[in-house]
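Single-letter residue listing:
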Amino acid sequence: MAKKDNKISMPQTGAGLVRYFDEESVGPKLSPEHVVVITVILAIFCFVLRYSA
């Protein structure tokens, strides 16, 4: 394989990969804080159901 110069050619970064931040989803937008709060509420609800009469 003949090269024109002594540079090392590196592969293209991101070649063939999907850029997910460019795509728009139609689902609900939740912040990480909302997910944590919903998880804590669900955990408390499960404990109340488990240890109630």
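Residues numbered from 1 in each chain as written. Predicted model: local features only at pLDDT ≥ 70, side-chain atom pairs only at ≥ 80, totals over all residues. Heavy atoms only, no water.

By the naming in an unreviewed UniProt entry, the protein goes by Preprotein translocase subunit SecG and is assigned to Methanobrevibacter woesei. We quote the UniProt Function (unreviewed entry) comment for the protein here in full: "Involved in protein export. The function of the beta subunit is unknown, but it may be involved in stabilization of the trimeric complex." Of the protein, the UniProt comment under Sequence similarities (unreviewed entry) reads exactly: "Belongs to the SEC61-beta family." (UniProt positions renumbered as here; feature names shortened; annotations may be inferred.)

Help me get a handle on the overall build of the protein, residues and values and all.
For the protein, the count of helices and strands is one helix and zero strands. Only carbon and sulfur atoms are counted for the fraction: they give 66% of the accessible area of the protein, which is about 5900 Å². (Helix = DSSP H or I, 4+ residues; strand = E, 2+ residues; numbered from the N terminus. Areas by Shrake-Rupley, 256 points an atom, 1.4 Å probe, with all protein chains shown as cover.)

So, the UniProt feature "transmembrane region" (unreviewed entry) in the protein: which residues are in play, and what are the values?
In the UniProt entry, the feature "transmembrane region" (unreviewed entry) is given for residues 34-52. Within residues 34-52, the helical portion is 95% and the strand portion 0%, while the C-alpha atoms at the span's ends are 27 Å from each other.

Describe the packing of aromatic side chains, listing the residues and the values that go with them.
Tallied over the full model, the rule gives one aromatic pair. In this structure, Arg-50 is placed above the aromatic ring of Tyr-51, and the distance from its NZ or CZ to the ring centre is 5.5 Å. (Phe/Tyr/Trp six-rings, centres within 6.5 Å; stacked < 30°, edge-to-face > 60°. Lys NZ or Arg CZ within 6 Å of the ring centre and 35° of its normal.)

Residues and numbers for a nonpolar patch on the surface, please.
A contiguous nonpolar patch, built from Val-36, Val-40, Ile-44 and Val-48 and spanning about 350 Å² of accessible area, is present on the exposed surface. Along the chain, Ile-44 turns up in helix H1 (residues 32-51). (Patch = residues over 30% accessible without salt bridge, like charges linked within 9 Å, V, L, I, M, F, W, Y side chains within 5 Å. Salt bridge = Lys/Arg side-chain N within 4 Å of Asp/Glu carboxyl O.)

Explain H1 to me, and be specific about the residues and the numbers.
Under the 1.5 Å per step criterion, the end-to-end length of H1 is 29 Å for 20 residues, consistent within 8% with the ideal 28 Å. In terms of burial, H1 is largely open, as just zero of its 20 residues are buried. (Expected span 1.5 Å × (residues − 1). Buried < 20%, exposed > 50% of the residue type's maximum accessible area, 1.4 Å probe, protein only.)

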